[in-house]
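Here are the chains, one letter per residue:
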Amino acid sequence: MSGTKQSPRGGSVQKTLQADMLTERVQQERDRIKASAAHVLVVIAGPELGQRVVVDRSLTLGRHPDCDLVLSDLLVSSFHARIEDRGDSWTLVDLGSTNGTRVEGEPTQEMALSPGLKISVGNTVVRFESQDHVEQKYSEVLEQLLNVDDLSGLYVRRKFDAEVARVVQAAGQQGTPVGLVVMDLDGIKKINDTHGHLFGAYVIGESGKVIGRVIGKRGFACRFGGDEYLAALTNHDAAATAAVAEEIRAAINAHHFERDGVVLKPGISCGVAAFPEDASDPVQLFEHGDAALYRAKAAGKNRVSR
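Predicted, not measured: the structure shown is a model, and the values here were computed from it.

Student: Help me understand the environment of Lys209 in this model?
Tutor: Within the secondary structure, Lys209 sits in helix H5 (residues 197–215). When the C-alpha positions of Lys209 and Leu154 are compared, they lie 7.5 Å apart, and in sequence the two are 55 residues distant. Setting aside chain neighbours within four positions, we find Lys209 in contact with Leu151 and Ser152.

This is how it looks when you write it as structure tokens:
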């Protein structure tokens, strides 16, 4: 009986190859698991309720615009806490915040995270979750329902307020302006009285879509309530904001509103304000824009006023 005896070197090479193959298979399995499930942070209490961010890298929570999860909560520090990728775990690290970081109500400086844990920063609560594809899709839909008005396709007021607080803070740090347009449709009561509230709702929803298209990437808008809207424009002073408001007014007047064969002709009044030209904070900004809207109404409606 004959055979070839394997040299010690050959055996070493074979073991190395087997180890490499095993390492590759382990990495492939890790990639498969990552592809089927993801870790996410979901805001479950606070101004950014419903907001979610996928934890696929180390990321920072705080009020500063450069954070990965920007929180407008005034009790949150600029760079409050960090979720760090430690290879085999995700670890929460407090970044020397003023008001501290708590996990399940207990103060912590550093803690390895597991799915379901609730992280409190200021008055905001964020839950660390592990979600499969179905759960991820559910969270995306829920976020949409919480933040977007289904009639107009614009933000709801709560989401808008949080975003305005964020962009005004960033503008203050960068020395750039933020414009605000406060809008109210003209003629909705007559449409409701003549044709019914379904026709009024159609005009309100369609007008929101027109506003959203005009704003585009220059900012964001919300349906404030009923037939009222707000729009914020980054890097726009009062004059530039007034020009965009005029674009909105012209677009509403030019749009063909028709439902069930009935042609409807609403108008829109707009009040304009800008930070820091007219106000030093988001509350003053709205108050100034709202006062300008009343001037537009008093001057005859369907116009832009400062």
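There is more to say, and it comes next.
Student: I would appreciate a short explanation of the sheet that holds strand S12 (residues 178–186) in the present structure.
Tutor: Strand pairing in a sheet relies on backbone hydrogen bonds. The paired strands run either parallel or antiparallel. With respect to topology, 5 strands assemble into an open sheet ordered S13-S14-S12-S17-S18, the strand pairing being mixed. Only two strands of the sheet have a single partner each, and these edge strands are strand S13 (219–225) and strand S18 (304–305). Looking at chain direction, S13 and strand S14 (residues 228–234) are connected through 6 bridges and run antiparallel. Following the sheet pairing, Gly225 is matched in S14 by Glu228.

Student: Which parts of the structure should I look at to understand the pairing of S14?
Tutor: Side-chain positions along a regular strand alternate between the two faces of the sheet. Within S14, 5 of the 7 residues are buried, which leaves it mostly tucked inside the rest of the structure. Here S12 runs beside S14; their pairing, made up of 7 bridges, is antiparallel. Directly across from Met183, in S14, lies its bridge partner Tyr229. Between the antiparallel neighbours S13 and S14 lie 2 residues, among them Gly226 with a positive phi of about 60°.

Student: Sorry, what's going on with the environment of Arg218 here?
Tutor: With respect to the helices and strands, the residue Arg218 is situated in the loop between H5 and S13. Note on Arg218: relative accessible area 27%, which makes it partly exposed. Along the sequence, Arg218 and Val244 sit 26 residues apart, while their C-alpha atoms lie 9.5 Å from each other. A polar atom in the side chain of Arg218 sits 2.6 Å from the backbone oxygen of Val214. Engagement of the side chain of Arg218 in a polar contact is seen with the side chain of Glu247, the distance being 3.1 Å.

Definitions and limits used
Residues numbered from 1 in each chain as written. Predicted model: local features only at pLDDT ≥ 70, side-chain atom pairs only at ≥ 80, totals over all residues. Heavy atoms only, no water. Helix = DSSP H or I, 4+ residues; strand = E, 2+ residues; numbered from the N terminus. Contact = heavy atoms within 4.5 Å. Pairing = 2+ DSSP bridges. Buried < 20%, exposed > 50% of the residue type's maximum accessible area, 1.4 Å probe, protein only. Polar contact = N/O pair within 3.5 Å; in protein donor to acceptor, adjacent residues only side chain to side chain.

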